[in-house]
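An overview of the molecular structure
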Amino acid sequence: MTGQSVVIIGAGVVGAALADELSARGWTDVTVVDQGDVPATGGSSSHAPGLVFQINGSKTMTEMARYTVEKFVELDSFLQVGGLEVATTPERLAELRRRQGWAASWGVEARLLSPEECVAMHSLLDRDKVLGGLYIPTDGLAKAVKAVDAQLSRARERGVRVLPRHEVLDVRTEGGRVAAVVTGQGEIPADIVVCCAGIWGPRVARMVGMELPLTPLAHQLAWTGQVPDLAGQTVEASRPILRHQDADLYYRERFDTLGIGYYGHRPMPISSDDILSVDAAEVMPSVLTFTPDDFAGAWSETQSLLPSTRSAKVEEGINGLFSFTTDHLPLMGQSREVEGFWVAEAVWVTHSAGVGRAMAEWLVDGHCTSFDLHECDVNRFEPHQIAPDYVLARGCQNYVEVYDIIHPLQPMEHPRPLRTSPFHPRQQELGALFLEASGWERPQWYGANEPLLRGREIPAPGDWAARYWSPIVGAEAQATRESVAMYDMTALKRLEVSGPGAVAFLQRLTTGDVDKSVGSVTYCLLLDTDGGIRSDVTVARLGPQHFQVGANGNLDLDWLDRHRPADVYLRDITPGTCCVGVWGPKARELVQPLTTADLTALRYFRGTRAYIGNVPVTMLRLSYVGELGWEIYTTADLGLKLWDTLWGAGRDRLPGGVIAAGRGAFTSLRLEKGYRSFGTDMTFEHDPYEAGLGFAVKLDKGDFIGRDALLARKESVTRRLSCLLTDEVVMGREPVYDGDRAVGHVTSAAYGHTIGKAIAYAWLPASLATPGQTVHIGYFDRRVKAVVAEEPLFDPAMTRLRG
Ligand SMILES: Cc1cc2nc3c(=O)[nH]c(=O)nc-3n(C[C@H](O)[C@H](O)[C@H](O)COP(=O)(O)OP(=O)(O)OC[C@H]3O[C@@H](n4cnc5c(N)ncnc54)[C@H](O)[C@@H]3O)c2cc1C
């Protein structure tokens, strides 16, 4: 087997990894082309100092880094000197504890060190400046060019062709799919083209009409002359690589000198069209002239932290170019515009081998089994997120924030506001605190609800969980259970699926039986062929051939579109519509007088078209908060009228009125009911049985994508998403310990304001996922007791939903 014919554009560390991984899987009809010489092509890999710090808030990124380390060690392209991140502020010390938690969650060894231990590990450090450190023994220095060479050599031995000095000028397509790559030396036919062109990615992607949301930015890297305390060092590096994130700095040794990388300077973006050619560039295309003024802060901070550098000099430096994205994550996957055109872009050396492996599995097997790629898929973006202004603004901001301490709820500040629901003016009047979701301004709570606090005891969470929080969140949650509240659900993705083939299509794509009467609503899942969960959706049948799918994001649109036959129409109706959730025991009292629909006859998980006052609506009797009520949809133009009609009726007729409630209350209520959130609680790597969603799978309805794989997975559940009651509110991603052993990690967490207890959901080994089992959550410097609980925690008989 030689597989399909593949052309990889770019022989950097990513293209080389992909060639190696593809050929290892038997795909040897592979050609790697590069405009430069190989292995030092002049791209970013050619000058990267190669520091590999594995720990990342993302499980996927950490796992890709770990794989890269293992592979580079095997290829003799890695100096495993360890990695040390130091804190010079109390906030950073706390952050290092959080990072240690991530390490434990994702299975990488990491130790917190005292200042003395830091100095013992890295003797250049000034003891008095350092409050502590995080040490990762398996981190170290990647030899990027050597790794390129080693991976390409292995690939060549298996039959892969490597063509240096072949600039790709165009990608030829035929009938909507790639046909060939056009180089200065002629055409190379291809079934699949993979763009691994790094900072040139946008230029290459544009050859097939694809907009790649990537910004090349210059990053300063300087080298000192001899540092006195390193004099006589004959090995390249003996101390751990070092990060001083409080000052946006990192360091590595090179014999008796130091390399210093700096993220503290002004963002210096460049268009991929303006990068010089290999022959025109003075040093190499990805290297711009060093700008010493931008480095001044870095040097004085270095001399302060590492006193021995005070008698050294900065002798050389570069402004080196590499890729930034709008969300810090890579861009992987197939273009929606042209079949067969794939990208593996915005990848650090740190993750390169992992990305190569993921891409190879995806191409050869049709999906990636080693890593969950939902955060990395290039099709994850909303349309506004690929607008050039957005891409540039976010790329620059992410450069500035590379080492910042970012709270999980912290919204981007700029560019905002982008998407506002029709309810926005009223929400502003009610003093909403807005966070951001897929560009939408989404209220977290409303200042106008402060009077609700009277007579309520809302416990305050600890420092970290108390950010982007107000006691009003608790009051709104309680008021929802007592009376009725309006939730802006506009940010939820809504897709319209219609046409003669719609029923058969949704039967094939989802795990549920959606071939039910008009008015039915089905909660079900989209699965990958390996049985992994791609999304959870609600499918409402609004007509014989007409469905509304409540989805999670753009990847759902992409997935459905890729499988869509010609007799099915698919439309993203999110931007042109809006949704308000009206939920609470008094919901019927509020809404019934406004509508001709008989809301008592409308049962749970049924929907209808109706009018609310003057507004035509679709009402679905569903609730993520576990209370009586409806998701009420209308077109964007009538959204404000819908809000005002409901609000006015509440004010006039209901004792106590209706309140608006925000996402903070929603999350608390959702967790009390045990409702999972895709992307947080479960992802591509989990199957429905592990995630407690087996009820959404109708194995007996006939074939559907993922069914065969599920039959096997059903019998082999080794881990479970479990409900925990905890002694303190945590945030998510923390490790869960059984004794001293990290055995799982937290997904979602919040205080349950009805049950009066803190809740966390966590992945646990199946053997520990039994009610009553005690475990502990690693939360900063504490171990928080947690007990597995029967779920749901609130209203297990569903009397409130069905009432
Ligand atoms: C100063 C600096 C320090 C860094 N430090 C680190 C670090 O410590 N750790 C870390 O993990 N990462 C680091 N990085 C980032 C890292 O270097 C890059 O993210 C990584 O090397 C990108 O690899 P790549 O294969 O995607 O891109 P590249 O190495 O740039 O490869 C892309 C290739 O595509 C080729 N190409 C482009 N267009 C065409 C065309 N039209 N036809 C033919 N060939 C084409 C180019 O010639 C190039 O060889 C650093 C980057 C810089 C600039």
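This write-up is about the structure you can find in this document. Residue positions are counted from 1 within each chain, in the order its sequence is given. At least 70 in pLDDT is required for a residue's local features to be given in this predicted model, at least 80 for side-chain atom pairs to be given and counted, and no such filter applies to totals for whole chains, interfaces and linings, which use all residues. To obtain the side-chain values, all non-hydrogen atoms of the structure were included, while hydrogens and water were left out.

What follows deals with the packing of aromatic side chains. Classification of ring pairs uses Phe, Tyr and Trp, with its six-membered ring standing for Trp, and accepts pairs whose centres are within 6.5 Å; under 30 degrees between planes counts as stacked, over 60 as edge-to-face, and the remaining range as tilted. In the structure shown here, the tally under the stated rule is 22 aromatic pairs. On the numbers, 5.9 Å between centres and 20° between planes, the contact of Tyr 523 with Phe 695 is stacked. You can see Tyr 523 sitting in strand β26 (residues 521-527) and its partner Phe 695 sitting in the loop between α16 (663-673) and α17 (707-714), a full 172 residues away along the chain. Burial classes follow relative accessibility: with a 1.4 Å probe on protein chains only, a residue under 20% of its type's maximum area counts as buried, one over 50% as exposed, and anything between as partly exposed. On the basis of relative accessibility, which here comes to 17%, the residue Tyr 523 falls in the buried class. Members of the aromatic cluster, each reached through a chain of ring pairs, are Tyr 250, Tyr 263, Phe 322, Phe 324, Trp 348, Tyr 399 and Tyr 403. Directly above the aromatic system of Trp 559 lies the positively charged group of Arg 534, at a separation of 3.9 Å from the ring centroid. Strands here mean DSSP runs of E at least two residues long; helices mean DSSP runs of H or I at least four residues long; both are numbered from the N terminus. Should the NZ of a Lys or the CZ of an Arg lie within 6 Å of a ring centre and within 35 degrees of the ring normal, that charge is described as sitting over the ring.

Turning next to the side chain of Glu 728. Along the polypeptide, Glu 728 turns up in the loop between β35 (719-726) and β36 (735-738). Side chain to side chain, Glu 728 and Arg 782 meet in a polar contact 2.7 Å long. By the convention used here, residues are in contact when the closest approach between their heavy atoms is within 4.5 Å. Filtering out sequence-adjacent residues up to four positions away, Glu 728 remains in contact with Ala 758, Tyr 779, Arg 782 and Val 784. For this analysis, a polar contact is any N or O atom pair within 3.5 Å, provided that within protein one partner can donate a hydrogen and the other can accept it, and provided that sequence-adjacent residues contribute only side-chain to side-chain pairs.

Attention now moves to the pairing of strand β38 (residues 757-765). Counted residue by residue, β38 has 8 buried out of 9 residues, so it is predominantly covered. Strand pairing is assigned whenever DSSP detects at least two bridges linking the two strands. Judged from the 8 bridges that link them, β35 and β38 form a sheet pairing that is antiparallel. Within the sheet, the bridge partner assigned to Arg 720 lies in β38 and is Leu 764. Between strand β37 (residues 741-752) and β38, which pair antiparallel and follow one another directly, the connecting turn spans 4 residues, one of which, Gly 756, has a positive phi of 70°.

Moving on: the pairing of strand β14 (residues 214-224). Summarising burial for β14: 11 of the 11 residues are buried, a large majority. Pairing geometry for β14 and strand β17 (residues 257-262), over 4 bridges, is antiparallel. Residue Gln 220 lies in a different strand from β17, and its bridge partner there is Tyr 262.

Turning our attention to the nonpolar core. Within the largest apolar cluster, 49 residues are counted, with the highest numbers of intra-cluster contacts made by Ile 8, Leu 18, Leu 22, Phe 72, Val 194, Met 332 and Met 359. When residues of this core are traced back to their parent elements, those giving at least two are β1 (6-9), α1 (13-24), β2 (30-33), α2 (59-74), α5 (144-157), β13 (192-195), β21 (341-345) and α8 (352-365). For this core, the element with the most residues is α8, which contributes 7 residues. Excluding residues within four positions of it along the chain, Leu 18 makes contact with Ile 8, Val 194, Cys 196, Gly 356, Met 359, Ala 360 and Leu 363. Only buried residues count toward a nonpolar core, which is a set of Ala, Val, Leu, Ile, Met, Phe, Trp, Tyr and Cys residues joined through side-chain atoms within 4.5 Å.

This brings us to the packing of α1 against α2. Interaxial distance between α1 and α2 falls to 14 Å at its minimum, and their mutual angle equals 75°. With respect to α2, the element α1 is oriented roughly perpendicular. Side by side, α1 and α2 meet where Val 13, Ala 17, Asp 20 and Glu 21 of the first sit next to Tyr 67, Lys 71 and Phe 72 of the second. Residues were grouped as follows: Ala, Val, Leu, Ile, Met, Phe, Trp, Tyr, Cys and Pro as nonpolar; Asp, Glu, Lys and Arg as charged; and all remaining residues, including Gly, as polar. Residues that form the contact of α1 with α2 fall into these classes: 4 nonpolar, no polar and 3 charged. Working convention: axes come from line fits to C-alpha atoms, limited for helices to the stretch in contact. Angles between N-to-C directions cover 0 to 180 degrees. Relative orientations are named as follows: roughly parallel for angles under 35 degrees, roughly antiparallel for angles over 145 degrees, roughly perpendicular for angles from 65 to 115 degrees, and oblique for any other angle.

Okay, the sheet that holds β14 next. Reading across the sheet, the 9 strands line up as β6-β7-β5-β15-β16-β17-β14-β19-β18 and stay open at both edges, with mixed pairing between neighbours. In this open sheet, the two edge strands, each paired with only one partner strand, are β6 (111-113) and β18 (287-289). Averaged over all pairs of adjacent strands, the angle between strand axes in this sheet comes to 25°, irrespective of strand direction. Pairing geometry for strand β16 (residues 249-254) and β17, over 6 bridges, is antiparallel. Opposite Glu 253, over in β17, you have Leu 258 as the bridge partner. Strands in contact with helix α3 (residues 90-106) are β5 (83-87), β6, β7 (132-136) and β15 (241-244); relative to β5, the strand with the most contacts, it is inclined by about 145°. Along the sheet, helix α7 (residues 292-305) contacts β14, β15, β16, β17 and β19 (314-325); its crossing angle with β17, the most-contacted strand, is approximately 130°.

A few words on the site of the ligand. In this text, near means that some heavy atom of the residue lies within 4 Å of the molecule or strand in question. What surrounds the ligand is a group of 33 residues, the closest being Asp 34, Thr 41, Ser 45, Val 347 and Thr 350. Measuring from an oxygen atom of the ligand, one finds a backbone N or O atom of Gly 50 at 3.5 Å. Contact distances for the ligand include 3.1 Å between an oxygen atom and a backbone N or O atom of Val 349. When the ligand is considered free in solution it has 1000 Å² of accessible area, and contact with the protein chains removes 98% of it. Taken together, the residues that form the shell around the ligand break down as 17 nonpolar, 14 polar and 2 charged. Here the open area of atoms and residues is found with the Shrake-Rupley method and a 1.4 Å probe, where only the protein chains shown may cover a residue.

To continue, consider the pattern of salt bridges. Each salt bridge in this description consists of a side-chain nitrogen of Lys or Arg and a carboxyl oxygen of Asp or Glu lying within 4 Å of one another. For the coordinates displayed, the defined rule picks out 59 salt bridges. A salt bridge links Arg 571 to Glu 496; its shortest N-O distance comes to 3.1 Å. One end of the pair, Arg 571, is in strand β29 (residues 569-572); the other, Glu 496, is in strand β25 (residues 493-498), with 75 residues separating them in the sequence. Judged by its relative accessible area of 47%, Arg 571 falls in the partly exposed class. Put simply, Asp 20, Glu 21, Arg 25, Lys 71, Glu 74, Arg 154, Arg 158, Arg 357 and Glu 361 are held in one network by salt bridges that share partners.

Structurally, Ser 335 can be placed in the loop between β20 (331-334) and β21. Given the relative accessible area of 2%, Ser 335 is considered buried. There is a polar contact of 2.8 Å between the side chain of Ser 335 and the backbone nitrogen of Glu 337. Apart from residues no more than four positions distant in its own chain, Ser 335 is found in contact with Met 210, Phe 341 and Arg 562.

A few words now on unusual backbone geometry. In this chain, Val 38 is followed by Pro 39 through a cis amide linkage whose omega measures 15°. With respect to the element layout, Pro 39 can be found in the loop between β2 and β3 (51-52). Cis geometry is found at the peptide bond from Glu 791 to Pro 792, where omega equals 0°. Locating Pro 792 in the fold gives a position in the loop between β40 (782-788) and α18 (799-802). At Arg 165, a residue that is not glycine, the phi angle is positive and equals roughly 55°. Inspection of the secondary structure puts Arg 165 in the loop between β9 (161-163) and β10 (168-174). A relative accessible area of 33% means that Arg 165 is categorised as partly exposed.

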